[in-house]
Amino acid sequence: MSTITGVSSVDELPDPEGHRPLHGDRASTGQLGDRLFGGTARGAGVLIIALVTMVAVFLLSQALPALAADKVNFLTSTQWNVDATPLQFGIANLLWVTVFSSVIAMVIAVPLGVSVALFITQYAPRWLSRPAASLVDLLAAVPSIVYGLWGLQVLGTHMSGVQSVMEKLLGWLPLFQDAGIDASSTIFTVSIVLSIMVLPIVTALSREVFAQTPTLHKEAALALGATRWEMIRTAVLPFGRPGVISASMLGLGRALGETVAVMVILSALADGTPWSWSMFNGGETFASKIANNAAEFDTPRKAGAFMAAGLVLFLLTFVVNAIARIVIERRKAFSE
Amino acid sequence: MNIQSRRRLACVTGVALVGTLALSGCGSNSNTTASSTAKSTNCPSGTLDGEGSTAQVNAIQQAISDFQTTCSGATINYSGTGSGAGVKQFIAGQVDFGGSDSALSNKLTAGTAGTEQTNADKACNSPAWNLPMVVGPIAIAYNLPGVSKLILTPAVAAKIFNGVITTWNNPAIAALNKGVTLPSTPIKVFFRSDESGTTDNFTKYLKGSAPSDWPAATGKKWTGKGEGKDASSGVSDAVKSAAGGITYTEWSYARDDKLGIAEIDNGAGPVVLTGPAVSMAVSAAKHVGTGNNLTLKLDYATKVPGAYPILLVTYELVCSKTKSPAKVPLLKAFLASFASAGEQTKLQSIGYAPLPAAIQAQVRTAIGALS
């Protein structure tokens, strides 16, 4: 039945038995369900932002007094004297080792992970792809202490041969010069173990993205005469690029923050060791230095110095993720 | 027939289950039999909490388990959170006793109005006492295949850990070890990258006995050269897998990893690391505490023949007049058992040295005076 204006008024007037219109199951109108779910989603989003803000505020509040009392340049100094009263600490060494080890780990893990994902989705027969995927995911279930011990005692014993070959071939580059550290405890060994830890993350996410490539694109490429590799290069990889970048950023976050494996494998350097660019050097990352000294945070100033290091790691991960987001957003503008 | 056989199966299963449960109750608890045959010691019941030094964790766990076997009504908890945390928690009144690698210090604590000793005295409302309890020998452990006996003097050790001597067949080392063929392997020094009382005492030893060869500062943070590894297990494992490696670590770790342990010649002849040799060095220490406050000042340059000079002493920090009187009997009983001659001798099997008898007696007197 319509009103004068032609709008249906069935929903407005009471029905023949005198019941209110649309009473009974209110959820069927969508109002309550909408409010509940929308509220929950919004609350979850606010909660996450609040958590991140609280972590940032905690780090800042602990670190600022120590930073203010620091007598040397925080970003460029290699000293770390936080016990005596003239506080002198700088993170140049820590920043270099953290970034360097993570970059080498990603250089190894990303091509390897993408290749494994391509194999699982594009090349492997159906009966192989599921078990292969589970096996790679199993790598993520191994605890980091186990990785650390394995890296030190199993992988480390084979590294001296590899290291001497690399030094002989590429030793003219400062990146590959010998630094006198035992071959099982160098940044290079740690990076290899980190890459194995990051591999399941990169592979799992890339696998999901490649599996969602529109079949239309793939068929079109094949129909135009592309070989399997050309089809992957023109249809699958460009589609999956934002996903692969996301996966790499997640993996990079894990590599930057990895604590126990680095603590067990990497040899710390004595104070006053001269700076070296080599990947066969030792050192400490932010996470391993904080974990190593966590039992001896005697004074608030000392704890503050370590919190400042943690703050730098926090900001570093933040910046890296922001860059990744920008790259992905720009890619999205060009894909459909 | 079908129902009957099913019922029979259910009956048999039920009897089997009940039988298993009943028979499992027949196992004897070895703890109860031991306590019934133990001589009647003073056994108060209650709970004690302590925390602090990690160097004495193994010793105190052994003492706790021995005490709890004889006194089943007592529960004593100790967590190795580090000497710094132990002192802090003791001053804050959160624990009944603290464990620390060094006695409460007399230097101003940053952020408070006093020293650790005065702050503890204030928190206890009575003098806080440092009771030496555990003697941990520090071994200079090395890995040189083919060299089973190595003699080092403080000067040569300082030069090795400073990076001045870099190969094993250096003339300075060879002069101390006549008749031993030393290989030309480079020396790989490993140090503790975490802050530790072992580093503190080792650097104090080097500075105390060879000050001209060890100009660097002493402290919980390593000031020499080498590669840093985490915790005693880290340095010991590193030396075990690196030929030519050398480090300073607790005696038990060097023994368990079957590393070579150097003999130390402090000026009175080479001394092998044994429990009695370390106790002799503790006897040579000076008492700098007054009355029942038994702080020791170790003489690292001791020339007492047969004394092994590299060690650390951990103290139990207690309030002379505790704030919870109900716990006093248990505290006194536990500490007395810990300081008893039997327990101290038992600790040798896990890599500690016994306190000399004279100091044991002084510690027991102090424990008796707790109230």
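Here the structure is a predicted model, which means the values were calculated and not measured. (Residues numbered from 1 in each chain as written. Chains lettered and ligands numbered in written order. Predicted model: local features only at pLDDT ≥ 70, side-chain atom pairs only at ≥ 80, totals over all residues.)

### Thoughts on the overall build of chain B
Turning to step 1, where the next piece is worked out: On a plain count of helices and strands, chain B comes out with 14 helices and 14 strands.
Turning to step 2, where the next piece is worked out: Expressed along its principal axes, the backbone C-alpha trace of chain B runs to roughly 95 × 60 × 40 Å.
Turning to step 3, where the next piece is worked out: The 371 residues of chain B split such that 47% are buried.
Turning to step 4, where the next piece is worked out: Contacts in chain B between residues far apart in sequence, at least 24 positions, make up 73% of those at least 6 positions apart. (Helix = DSSP H or I, 4+ residues; strand = E, 2+ residues; numbered from the N terminus. Buried ≥ 20, exposed ≤ 12 C-beta atoms within 10 Å, placed from the backbone. Contact = placed C-beta atoms within 7 Å.)

### Some words on helix α5 (residues 187-211) of chain A
Turning to step 1, where the next piece is worked out: With 25 residues, α5 of chain A extends 35 Å between its outermost C-alpha atoms, agreeing within 8% with the 36 Å of an ideal straight helix rising 1.5 Å per residue.
Turning to step 2, where the next piece is worked out: Burial runs high along α5 of chain A: 22 of the 25 residues are buried. (Expected span 1.5 Å × (residues − 1).)

### Remarks on the interface of chain B and chain A
Turning to step 1, where the next piece is worked out: Facing the 24 residues of chain B at the interface are 20 residues of chain A.
Turning to step 2, where the next piece is worked out: Mapped by element, the contributors of at least two residues to the side of chain B that touches chain A are α4 (83-91), β6 (188-192) and β7 (227-229) of chain B.
Turning to step 3, where the next piece is worked out: With 3 residues, β7 of chain B is the largest single contributor of residues to the side of chain B that touches chain A.
Turning to step 4, where the next piece is worked out: Tallied by class, the residues present in the side of chain B that touches chain A amount to 5 nonpolar, 10 polar and 9 charged.
Turning to step 5, where the next piece is worked out: Here strand β3 (residues 268-269) of chain A runs beside β7 of chain B; their pairing, made up of 2 bridges, is antiparallel. If you follow L269 of chain A over to β7 of chain B, its bridge partner there is E227 of chain B. (Nonpolar A, V, L, I, M, F, W, Y, C, P; charged D, E, K, R; others polar. Pairing = 2+ DSSP bridges.)

### Examining the packing of helix α2 (residues 92-123) of chain A against helix α7 (residues 228-257) of chain A
In a packed pair of helices, the relevant descriptors are the angle between the two axes and the axis-to-axis distance.
All names here are of chain A.
Turning to step 1, where the next piece is worked out: Closest axis-to-axis distance for the α2/α7 pair is 9 Å, and the angle between their directions is 140°. If you check the angle between α2 and α7, you find them oblique. Pair α2 / α7 crosses with right-handed handedness. Where α2 approaches α7, its residues T98, S102, A105, M106, A109, V110, V114, L118 and Q122 are matched on the opposing element by I232, V236, V244, S248, G251, L252, A255 and L256. (Axes fitted to C-alpha atoms, helices over the stretch in contact; angles between N-to-C directions. Parallel < 35°, antiparallel > 145°, perpendicular 65-115°, else oblique. Left-handed = near helix turned anticlockwise from the far one by under 90°.)

### Examining the packing of α4 of chain B against helix α5 (residues 116-124) of chain B
Turning to step 1, where the next piece is worked out: At a closest axis distance of 8 Å, the pairing of α4 of chain B and α5 of chain B adopts a crossing angle of 35°. Touching V87, F90 and I91 of chain B of α4 of chain B are E116, N119, A120 and A123 of chain B, all from α5 of chain B.

### With respect to the pairing of strand β3 (residues 97-100) of chain B
All names here are of chain B.
Turning to step 1, where the next piece is worked out: Here β3 shows a buried face lined by F97 and G99 and a second buried face lined by G98 and S100.
Turning to step 2, where the next piece is worked out: Taken together, the 3 bridges between β3 and strand β14 (residues 311-319) define a ladder with antiparallel strand orientation. Residue G98 lies in a different strand from β14, and its bridge partner there is L317.

### Considering the sheet that holds strand β10 (residues 263-265) of chain B
Picture the strands of a sheet paired through backbone hydrogen bonds; they go either parallel or antiparallel.
Residue and element names in this part refer to chain B.
Turning to step 1, where the next piece is worked out: Taking strand neighbours across the sheet as the criterion, the 3 strands line up as β5-β10-β11 in an open arrangement whose pairing is mixed. Every interior strand has two partners, whereas the edge strands, β5 (151-152) and β11 (270-271), have only one.
Turning to step 2, where the next piece is worked out: Both β10 and β11 contribute to a ladder of 2 bridges, which runs antiparallel. Directly across from D265, in β11, lies its bridge partner P270.

### A few points about the environment of V363 of chain B
Residues and elements named next belong to chain B.
Turning to step 1, where the next piece is worked out: Here V363 shows up in helix α14 (residues 357-368).
Turning to step 2, where the next piece is worked out: Owing to 24 C-beta atoms within 10 Å, V363 belongs among the buried residues under this scheme.
Turning to step 3, where the next piece is worked out: As a C-alpha pair, V363 and R8 span 355 residues in sequence and 70 Å in three-dimensional space.
Turning to step 4, where the next piece is worked out: Not counting chain neighbours up to four residues away, the residues in contact with V363 comprise L131, P132, M133, L294, A339 and L355.

Everything listed is a geometric property; what it means functionally is a separate question.
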